Amino acid sequence: MDIHKFLSTPAETAQRRGPHDRIVMSSRVRLARNLKEGAFPGWAKKPERVRVLELVRPAVESLPEMKDAFSEAMDNLGALDKQILVERHLISREHAAKSSGSGLVLNRDETFCVMINEEDHLRMQALRPGLQLRQAWTAIDRLDSELEQRLPYAFSNELGYLTACPTNLGTGIRVSAMLHLPGLVLAEQINPIIQSVNKLGLAVRGLYGEGTEALGNVFQVSNQMTLGENEITIVERLDKVLSQIIEHEENARQTLMEKKPKVVYNHIGRAYGILANAHSISSKETMNLLSLMRLGVDIGLFPGMERALVDELFILTQPAHLQRQLSDKLSPEERDLIRADMMRERLKNTGRPIAKHYGGPGTGLDKSTN
Amino acid sequence: MLCSVCKEKPATVHLTQIVGEKMQKLDLCEECAKTKGVNDPTSFSLADADVLFGLGASQEIDQSTGTETKCPRCGFTQVDFKKSGRLGCPECYKTFADGLSSLLKTMHKGTRHAGKVPEALRESREQSDRLKLLQKKLAKAIDDENFEQAASLRDEIKQIGPRGPGLNVT
């Protein structure tokens, strides 16, 4: 099956709404599981990995949640297709590098995605827009309970679910959320926030997870410890921390608008100016500027413009998505030209940001005067 | 195995730590451990061991054991673990249990699983937990010379099952 016929369009993806989606772009809970027999994927020889895939894939496909799912062996997906899945946050970069003996099962509405033979035999994830960690956990817990009746898991009374890497041992759970935090970055409060989140045993990472930078002011927050406490405790701790980060971000935005509105207008105005007028622009710069436009939409500087447009452009502008729209294989420099063309075209009906007199009505966040 | 410092007495204190990207191990006898102040492994860094003990080079785990441990099921070795940070198969958790336990302590909240259990295993897990608890109580009852209670505990243990982990109480 063609993955592009299956996947929702970037416009549809950007339309998905969830609680607190001004700041929390998406929630995810993933579980790592392995079969009792055989070696972990990183140590297993190819024939064994193929055997595991042949055993696990039909079991996953047969789950009620996976009705009409997209199911494919990784060697049947092209490099561009895999990169698109990474840019949609459906598979890890590590999984994109796999070929024969690895597979992918993605359900119809893209809320469940199971990677087979990534680092573990099974990496199953539930994905939700906005802040919905509990819902994601409940969903993946149910899927896992169905699957455990079809596949014999490696489980120890003492150590729980056995995983290839000891860092995932026990519950095998990774609870994470993707946050858009331009206020904290502009207010230069992001580093102390990251440090205090780290102190609670949580990791803060960039846009594409482990070892990546925070492009577009997007940060991933997730648990690190998986052994010695139960899933609910982990989910609730993260939920609590996220609520606090949301509050800090809202406060940072409000304070910026009260104390330094010109700084905010300047950043957003320049971002608009470049995106709407550039003739060559890299994906990194685009994402950083789109982040500022997203902030502008949030605080009411772009009346009539939907946040979904920014989110759609955020997806479309990434290298594989951009390449996909073109027939010829382009160099990065050529892509920068095409990207700029697309931005100018898509933003031609968006007027420049309205900077109001601060202190007056409608400074966006100044609730006392509204 | 001899103590890495005095090289005389048998080593009874074993420290394993990930330093940078390497897993390192230090084996000490009781006395050397005491004199060097290694009584709380969590506050002790093997990265400082070279300086502290004047060891030529910190012993990496593959070198510290004369014969290398190998997983009987998948052939994975400690060197492989050091290289990749990942294990070979579920059985490796038993094979490398000694080295792993201190590693898990530094990595996680606890060392015993406290989360979900597959439904099919739930009963047997509860039973083995219950057996362990009863055995503890039994040992205490015997210590306290409370033989009446000990007898009833023993009966209870017998009822649960003929075999349980460590059920060698007569």
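Residues numbered from 1 in each chain as written. Chains lettered and ligands numbered in written order. Predicted model: local features only at pLDDT ≥ 70, side-chain atom pairs only at ≥ 80, totals over all residues. Heavy atoms only, no water.

Let's talk about the overall build of chain A
When its secondary structure is counted, chain A shows 14 helices and 10 strands. In summary, chain A has a C-alpha radius of gyration of 22 Å against a globular reference of 21 Å for 370 residues, a match within 12%. Taking the principal axes of its C-alpha atoms as reference, chain A extends roughly 70 × 50 × 30 Å. Considering chain A as a whole, with its 370 residues, one finds that 59% of them fall into the buried category. Roughly 15400 Å² of accessible area belongs to chain A as shown, and the carbon and sulfur atoms make up 50% of that amount. Positive and negative side-chain charges of chain A, numbering 47 and 47 respectively, have mean locations separated by a distance of 3 Å. (Helix = DSSP H or I, 4+ residues; strand = E, 2+ residues; numbered from the N terminus. Rg over C-alpha atoms; globule rule 2.2 N^0.38 Å. Buried < 20%, exposed > 50% of the residue type's maximum accessible area, 1.4 Å probe, protein only. Areas by Shrake-Rupley, 256 points an atom, 1.4 Å probe, with all protein chains shown as cover. Lys, Arg positive; Asp, Glu negative; His and termini not counted. Charge placed at Lys NZ, Arg CZ, Asp CG, Glu CD.)

Some details on the pattern of salt bridges
Taken as a whole and assessed by the stated rule, the structure comprises 29 salt bridges over all chains. Salt bridges sharing common partners tie together A:R17, A:D21, A:E249, A:R253, A:D298 and A:R307. (Salt bridge = Lys/Arg side-chain N within 4 Å of Asp/Glu carboxyl O.)

Some remarks on the interface of chain B and chain A
Counting residues at the interface gives 33 residues for chain B, matched by 40 residues for chain A. Both sides together, the interface formed by chain B and chain A hides about 2900 Å², and carbon and sulfur atoms give 58% of it. Where chain B packs against chain A, one counts 5 salt bridges. Here B:R112 ties to A:E158 by a salt bridge, and the two come within 2.9 Å at their closest N and O atoms. Seen at the junction of chain B and chain A, the total is 22 residue pairs in polar contact (both at pLDDT 80 or more). Of all the elements in the fold, those that place two or more residues in the side of chain B that touches chain A are α4 (78-84), α6 (97-107) and α7 (119-143) of chain B. Top element by residues in the side of chain B that touches chain A is α7(B). It accounts for 6 residues. Residues that form the side of chain B that touches chain A fall into these classes: 14 nonpolar, 9 polar and 10 charged. (Contact = heavy atoms within 4.5 Å. Buried area = accessible area lost by both parts, 1.4 Å probe. Polar contact = N/O pair within 3.5 Å; in protein donor to acceptor, adjacent residues only side chain to side chain. Nonpolar A, V, L, I, M, F, W, Y, C, P; charged D, E, K, R; others polar.)

Digging into the packing of aromatic side chains
This structure, assessed with the given rule, holds 6 aromatic pairs over all chains. For the ring pair A:F6 and A:F70, a centre distance of 5.6 Å and an interplane angle of 45 degrees mean the geometry is tilted. Remark: A:F70 occurs in strand β2 (residues 70-73) and A:F6 occurs in helix α1 (residues 3-6); sequence separation between them is 64 residues. Residue classification places A:F6 among the buried residues on the basis of a relative accessible area of 2%. Each ring, one from A:Y153 and one from A:Y161, has its centre 6.0 Å from the other, and the planes form 75 degrees; the classification is edge-to-face. Judged by relative accessible area, which is 6%, A:Y153 ranks as buried. One aromatic cluster in this structure is built from A:W43, B:F76 and B:F96. Above the face of the A:Y161 ring, A:R33 is positioned so that its terminal group lies 3.4 Å from the ring centre. A cation sits over an aromatic face here: A:R128 above A:F112, 5.7 Å from the ring centre. (Phe/Tyr/Trp six-rings, centres within 6.5 Å; stacked < 30°, edge-to-face > 60°. Lys NZ or Arg CZ within 6 Å of the ring centre and 35° of its normal.)

A look at the confidence of the model for chain A
Here chain A shows a mean pLDDT of 92. Residues at 70 or above account for 94%. Taken as a whole, residues 358-370 of chain A scores under 50 in pLDDT and shows 23 contacts with residues more than four places along the chain or in a different chain. (pLDDT = per-residue confidence, 0-100.)

Some thoughts on the sheet that holds strand β3 (residues 103-106) of chain A
All names here are of chain A. Sheet architecture is open: 8 strands sit in the order β2-β3-β4-β5-β1-β8-β10-β9, paired in antiparallel fashion. The outermost strands of the open sheet, each flanked by one partner alone, are β2 and β9 (202-205). Strand-to-strand twist in this sheet, taken as the mean axis angle between neighbours without regard to direction, amounts to 15 degrees. Sheet topology note: the strand β4 (residues 112-116)/strand β5 (residues 122-129) ladder contains 5 bridges and is antiparallel. By the bridge assignment for β5, F112 is matched with A126. (Pairing = 2+ DSSP bridges. Axes fitted to C-alpha atoms, helices over the stretch in contact; angles between N-to-C directions.)

Thoughts on the confidence of the model for chain B
Looking at chain B as a whole, the pLDDT averages 75, with 66% of positions reaching at least 70. With pLDDT under 50 throughout, residues 164-170 of chain B is counted as low confidence; its partners more than four residues away or in other chains account for 11 contacts.

A short note on the pairing of strand β8 (residues 173-180) of chain A
All names here are of chain A. Of all 8 residues making up β8, 8 are buried, and the element is well covered by its neighbours. Alternating residues of β8 divide into I173, V175, A177 and L179 and R174, S176, M178 and H180, and every residue in both groups is buried. Across 7 bridges, strand β1 (residues 24-33) lies against β8 in antiparallel orientation. From the neighbouring strand, S27 faces β8, where its bridge partner is A177. The pairing of β8 with strand β10 (residues 218-223) spans 5 bridges and is antiparallel.

Re the environment of A:L31
All names here are of chain A. Counting through the fold element by element, L31 comes out in strand β1. Owing to a relative accessible area of 0%, L31 belongs among the buried residues under this scheme. Separated by 92 residues in sequence, L31 and R123 place their C-alpha atoms 5.7 Å apart. Excluding residues that lie within four positions of it along the chain, L31 makes contacts with L122, R123, M124, W137, I140, D144, T171, G172 and I173.

A few points about the environment of A:E249
Residues and elements named next belong to chain A. Among the secondary structure elements, E249 is positioned in helix α9 (residues 231-259). Using a relative accessible area of 0% as the deciding quantity, one classes E249 as buried. Counting along the chain gives 137 residues from E249 to F112, while the straight-line C-alpha distance between them is 29 Å. When residues no more than four places from it in sequence are discounted, the contact partners of E249 are I23, H180, L181, P182, G183 and L184. For E249, the side chain forms a polar contact with the main-chain nitrogen of G183, separated by 2.8 Å.

Concerning the nonpolar core
Residue and element names in this part refer to chain A. Within the largest apolar cluster, 55 residues are counted, with the highest numbers of intra-cluster contacts made by V60, V114, I140, L147, L242 and I245. Among the elements that line this core, the one with the most residues is α9, at 8 residues. Filtering out sequence-adjacent residues up to four positions away, V60 remains in contact with M66, V105, V114, L122 and L147. Grouped together as the second largest cluster of nonpolar side chains are 35 residues, M178, V218, L322 and M342 included. (Core = buried A, V, L, I, M, F, W, Y, C linked by side-chain atoms within 4.5 Å.)

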